[in-house]
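Residue-level structural notes
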2 protein chains.
Amino acid sequence: MSILVAGTVAIDNIKTPHAEANQLLGGSASYAAISASYFSRNVGLVGIVGHDFPAEHIALLEGKGISLAGLARSSGESFTWTGEYLDNMNQRVTRHVAINVLENWQPVVPEEARAAKWVVLANMSPDNQLAVLDQCSPEAFVVADTMDLWITIANERLHDVLKRIDLLVINESEAREFAGTDNLILAGERLRGKGPRYVVIKLGEHGSFLFGEDQHHFFSCAAFPLKEVNDPTGAGDTFLGGLAGHLASIEAQEPGFEELKAAVVRGTIMASFTCEAFSTRRVEALQDEEIGERLSLFRLYTSF
Amino acid sequence: MSILVAGTVAIDNIKTPHAEANQLLGGSASYAAISASYFSRNVGLVGIVGHDFPAEHIALLEGKGISLAGLARSSGESFTWTGEYLDNMNQRVTRHVAINVLENWQPVVPEEARAAKWVVLANMSPDNQLAVLDQCSPEAFVVADTMDLWITIANERLHDVLKRIDLLVINESEAREFAGTDNLILAGERLRGKGPRYVVIKLGEHGSFLFGEDQHHFFSCAAFPLKEVNDPTGAGDTFLGGLAGHLASIEAQEPGFEELKAAVVRGTIMASFTCEAFSTRRVEALQDEEIGERLSLFRLYTSF
């Protein structure tokens, strides 16, 4: 196993100002694993679904070559998220969350995945993230995401996670809250002080910041420009998967800052596809050439 | 005259969460002209001040080699702006504005400045911007800024301005409002449709977008990272002046997109200095080496 992706697998019901769709494939691990699969043939997913989980979503993940040996099947109901995007597509309102099978989930990493060189802890509770880490190689390069909920209700456990990961990916408002400052440059520095060698702050339509060990190790990455955003759900998870996928593909023993920059760019490109359609519909059906084209355009848009 | 900068010259009183200062040099033209003066020895300012305008501010502008032949001196009182920045330094509240001498001002461009190849219309009323344009060469490359107030109360005249300029510089919220869309990429395209060949949307701490004729002419420019922002007043005006100053310095007959990208980067660097201290205090005392150093760091921060 080259990349292990652990996180949620969900059924999403999403409404935007222009459309609505239900029973969609969702969850942090779904997006991240699909995104990583474009860069590595060896991606495994750790998660849980219920008896009601649509077979077509399972087939889709398997069709991308993702190992589902770590996907637990429960007799309960699947984790379900129902949300709506308001006029400004950046504003998301959660209408309903049914934790269901996630409630008592104890993640189990399959034997063959325990030596994975790259571990992606997609958004899930810090307890679950720590449980996964306990089963993985201490040599793994660990990339982790989180969300505002865990900063509030599981702050101490989240700090435990931070001490054991290499790269934290977090969004802008969470970074400000977690670091206790409105200045994002200072926030990046403070978050690094909590443990991870690298920190990425995601800025939505404005791209992301990557922080390394000192002021010479900073990268301001643009977003890929989109004239139409149809559903940003999962963009951050897709970013995470693309980032880890690129690191796995270059097989750096210990990635340096230049490799991380390149990985952030790949994550950015992958996230842009996710925003273009509901769920994983756009990102699940990509040709490698489309990724390459967007990467060339991205270079054009950001070089001077 | 190589660069003509027309706009406001003000007395600013500014309060931030950490400090307060009064009787400061302010105004769109002051910042823009000082910024441009680092790139061109031939900068002229068109504006107006009252009898109460501090002599030290005049001396400062003259000390930067800026021609004040176009600076009208009135017996009235100077335009004065009193504002405060709240916890998040991005939030600015105007406490008091005294228009004073600006009220009946009819800008007069001195004879020797009428053939200026580069015209900077810093923020002032669209009527005043048009009055300046009427006195300038139709061959000039014209860069203009505006603000939310004019979008609201002088929308038609602002549209007249847009038909006669080459590059519009506008901030994020103004762009959304003026273009009638939350999508900034679409906003840039729509603003270009109103006349200017080029549009820059300023994103504050997130940099700026430069739009040209088609999807291959787009540039996402980062901001220079600052761990401490002490007073962002005038950052946009400084950006404008640095941008125009760079264009003047390379003496391109007709700047192309690559030249505009490079100009946006210079504007960005200059704006970062302005944010570091009250008023023009940091940007007025720069060494060329400091600009060069920041430019090198900026390349490092944005290349991959």
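Remember, predicted model here, so these are calculated numbers, not experimental data.

Relative to the 21 Å expected for 15 residues at 1.5 Å per residue, helix 10 (residues 288-302) of chain B spans 21 Å between its end C-alpha atoms, a close match to the ideal helical length. For helix 10 of chain B, the complete set of buried residues consists of I291(B), R294(B), L295(B), L297(B), F298(B), Y301(B) and T302(B). Down the axis of helix 10 of chain B, the sector holding all buried residues measures 165°, keeping them to one side. Of the exposed residues in helix 10 of chain B, the ones pointing more than 90 degrees away from its buried face are E289(B) and E293(B). Among the structural elements, strand 13 (218-221) of chain A together with strand 13 (218-221) and helix 9 (257-274) of chain B are those in contact with the buried residues of helix 10 of chain B.

The next thing to look at is the sheet that holds strand 11 (residues 198-202) of chain A. All names here are of chain A. Reading across the sheet, the nine strands line up as 5-4-1-8-9-10-11-12-13 and stay open at both edges, with mixed pairing between neighbours. Strands at the two margins of the open sheet, each flanked by one partner only, are strand 5 (67-73) and strand 13. Ignoring which end each strand starts from, the neighbouring axes of this sheet average 15° apart. Taken together, the three bridges between strand 9 (residues 141-145) and strand 10 (residues 167-171) define a ladder with parallel strand orientation. When the bridges of strand 10 are listed, A144 appears paired with L168.

What follows is about the sheet that holds strand 9 (residues 141-145) of chain B. All names here are of chain B. On the basis of which strands lie adjacent, the open sheet formed by nine strands has the order 5-4-1-8-9-10-11-12-13 and mixed pairing. The sheet is open, and its two edges are formed by strand 5 (66-73) and strand 13, each paired on a single side. In this sheet, adjacent strand axes meet at a mean angle of 15° when their direction is disregarded.

A word on the interface of chain B and chain A. Taken together, the contacts link 35 residues of chain B with 35 residues of chain A. Counting the surface lost from both chain B and chain A, the interface buries some 3300 Å², and carbon and sulfur atoms represent 54% of this. Broken down residue by residue, the surface that chain B buries against chain A is led by K227(B), Y301(B) and F304(B), which jointly contribute 25%. Counting the contacts that link chain B with chain A gives 19 residue pairs in polar contact (both at pLDDT 80 or more).

Attention now goes to the confidence of the model for chain A. Looking at chain A as a whole, the pLDDT averages 96, with 99% of positions reaching at least 70. Listed scores for the predicted complex are pTM 0.95 and ipTM 0.92.

The next thing to look at is the packing of helix 8 (residues 235-250) of chain B against helix 9 of chain B. Residue and element names in this part refer to chain B. Contact geometry of helix 8 with helix 9 gives a least axis separation of 7 Å together with a crossing angle of 140°. With respect to their mutual orientation, helix 8 and helix 9 come out oblique. Remark: the crossing between helix 8 and helix 9 carries right-handed chirality. The segment helix 8 lies against helix 9, with A235, T238, F239, G242, L243, H246, L247 and I250 engaging E259, L260, A262, A263, V264, R266, G267, T268, M270, A271 and T274.

All names here are of chain A. For the pair helix 9 (residues 257-274) and helix 10 (residues 288-302), the least separation of the axes is 10 Å and the interaxial angle reads 115°. Between helix 9 and helix 10 lies a crossing whose hand is right-handed. Contacts from V265, R266, T268, I269, M270, S272 and F273 of helix 9 reach helix 10 at E290, I291, R294, L295 and F298.

What follows deals with the packing of aromatic side chains. Here the structure, examined in full by the defined rule, presents 18 aromatic pairs over all chains. When the centroid spacing of 5.4 Å and the interplanar angle of 45° are considered together, the rings of F209(A) and F218(A) count as tilted. Overall, the relative accessible area of 5% leaves F209(A) in the buried class. Looking at F218(A), the relative accessible area reads 5%, which means it is buried. Taken together, F209(A), F211(A), F218(A), F224(B) and Y301(B) form an aromatic cluster joined through their ring pairs. Its end group placed over the ring of F178(A), K194(A) keeps NZ or CZ at 4.8 Å from the ring centre.

Turning our eyes to something else, we now look at the relation of the copies chain B and chain A. You can overlay chain B on chain A at an RMSD of 0.0 Å; the transform is a turn of 180° with a shift of 0.0 Å along its axis. Look at the turn and shift together and you get a two-fold axis relating the two. Identified as the residue of chain B closest to the rotation axis by C-alpha distance is H206(B), at 3.1 Å. Take the interface residues of chain B: 100% of them recur as interface residues in chain A, which is what a same-surface contact looks like.

Reading the values: the criteria
Residues numbered from 1 in each chain as written. Chains lettered and ligands numbered in written order. Predicted model: local features only at pLDDT ≥ 70, side-chain atom pairs only at ≥ 80, totals over all residues. Heavy atoms only, no water. Helix = DSSP H or I, 4+ residues; strand = E, 2+ residues; numbered from the N terminus. Expected span 1.5 Å × (residues − 1). Buried < 20%, exposed > 50% of the residue type's maximum accessible area, 1.4 Å probe, protein only. Arc of directions from axis to C-beta. Contact = heavy atoms within 4.5 Å. Pairing = 2+ DSSP bridges. Axes fitted to C-alpha atoms, helices over the stretch in contact; angles between N-to-C directions. Buried area = accessible area lost by both parts, 1.4 Å probe. Polar contact = N/O pair within 3.5 Å; in protein donor to acceptor, adjacent residues only side chain to side chain. pLDDT = per-residue confidence, 0-100. Parallel < 35°, antiparallel > 145°, perpendicular 65-115°, else oblique. Left-handed = near helix turned anticlockwise from the far one by under 90°. Phe/Tyr/Trp six-rings, centres within 6.5 Å; stacked < 30°, edge-to-face > 60°. Lys NZ or Arg CZ within 6 Å of the ring centre and 35° of its normal. Least-squares fit on C-alpha atoms with pLDDT ≥ 70 in both.

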